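Structure assessment
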Amino acid sequence: MSVERIELLGVPVDVCPPEDLENAILEMLAKPGTKQIVFLSIWKLLKARRKHSELLECLKSSDLILPISKSIIKGAKFLKLTQPIRYNPFTAVISILSVLDTHYKSLYLFGSHPKTLMQAERNVHETFPNLQIVGRCAGYYSKNAEADIVSAIYKSSPSLALLSEGIKEKDLWSYHRRNAFSSSIFLFYNDALGIFSERIRRVSEKTFERGLEIWSEILHNPFKIFLIFPFMGYKISLIWNRLFKK
């Protein structure tokens, strides 16, 4: 795979130019076993840096880690590491589905409420007619349904399982069950089905390019304003690492 993996403050990040994304996806599909793609935000990076972080182990075992926060790119540049490419998560999902559509691959949709899920499926099918949707399951499910969901994904063996809202464990869902599947790429993106169903408005390209998407998140959840404190810790860690690393 023509992807370079760097470590930013001990957290793995992949350098994958957009022109190499298709090859990276195809190489993943050719590998046996469960694969995982992770969209890495600055908040997810900070969470992974905590002691005994299961998320860090998940990231280390992931096949592709695409940074989505401007702060990660700036941090890598500040530490004079190979500078990764920042991805807009929704645009990246479209690119990945386009690769699958071109090569007549399959998709499983998992998450959200039934009405949103069905509308998202219709819109995905219209946009990617060569992409076979081999199954779907709503999120917010009861624990008793867990075994049936795992079995359904295993039997349908999709090229990609796209996970969205309503999956409590988020990226860790497929990591915890990685031995239950014989193939498939798993990708969690919370807003995927909401955007595909047109229930959620995606962040504009201009807002994303400026790195201002956090403000729309704060509007939906004002408590996220307190993330400024761990973010300040991130800045301090970068400076400390730059000055004192061996």
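For the structure, see preceding data.
Since this is a predicted model, take the numbers as computed values, not measurements.

**Some points on helix α5 (residues 89-102)**
Here α5 contains 14 residues, and its C-alpha end-to-end distance of 20 Å stays within 8% of the 20 Å for a straight helix at 1.5 Å per residue. Among all positions of α5, only Pro 89, Phe 90, Ala 92, Val 93, Ile 96, Leu 97, Val 99, Leu 100 and Asp 101 are buried. Sitting at the amino-terminal end of α5 is Asn 88, which places a side-chain oxygen 3.1 Å from the backbone nitrogen of Phe 90. Of the residues flanking the end of α5, it is Tyr 104, one or two places downstream, whose phi is positive at about 55 degrees.

**Here we look at the pairing of strand β7 (residues 160-163)**
Burial along β7 is two-sided: the residues Leu 160 and Leu 162 and Ala 161 and Leu 163 are all buried. Pairing of strand β5 (residues 106-110) with β7, which is carried by 4 bridges, proceeds in the parallel orientation. Within the sheet, the bridge partner assigned to Leu 109 lies in β7 and is Leu 162. As judged from the 4 bridges shared by β7 and strand β8 (residues 185-188), these two strands associate in the parallel manner. Residue Leu 162 lies in a different strand from β8, and its bridge partner there is Leu 187. The β-α-β motif built from β7, the intervening helix α8 (residues 171-176) and the parallel element β8 has right-handed crossover chirality.

**Details of the pairing of strand β2 (residues 11-15)**
The buried count for β2 comes to 5 of 5 residues, which makes it a mostly enclosed element. Burial of β2 is two-sided: the residues Val 11, Val 13 and Val 15 facing one way and the residues Pro 12 and Asp 14 facing the other way are all buried. Strand direction decides the pairing type here: strand β1 (residues 4-8) and β2, joined by 5 bridges, are antiparallel. Paired with Arg 5 across the strands is Asp 14, a residue of β2. Two successive antiparallel strands, β1 and β2, enclose a turn made up of 2 residues, where Leu 9 displays a positive phi of approximately 55 degrees.

About the thresholds
All residue numbers refer to position in the chain's written sequence, counted from 1. Two thresholds apply to this predicted model, a pLDDT of at least 70 for residue-level local features and 80 or more for giving and counting side-chain atom pairs, whereas whole-chain, interface and lining totals are computed over all residues. Excluded from the side-chain calculation are hydrogens and water; included are all heavy atoms of the structure. Each helix is a run of DSSP H or I of at least 4 residues and each strand a run of E of at least 2, with the numbering of both proceeding from the N terminus. Given the number of residues in a helix, its expected span is that number minus one, multiplied by 1.5 Å. Working definition: with a 1.4 Å probe on protein chains only, accessible area under 20% of the residue-type maximum means buried, over 50% means exposed, and in between means partly exposed. Any pair of N or O atoms that falls within 3.5 Å is considered a polar contact. Within protein, one atom must be able to donate a hydrogen and the other to accept it, and sequence-neighbouring residues count only if both atoms are side-chain atoms. Strand pairing is defined by DSSP finding a minimum of two bridges between the two strands. A crossover counts as right-handed when, viewed with the strands pointing away from the observer, the path leading from the first strand over the helix to the second turns clockwise.

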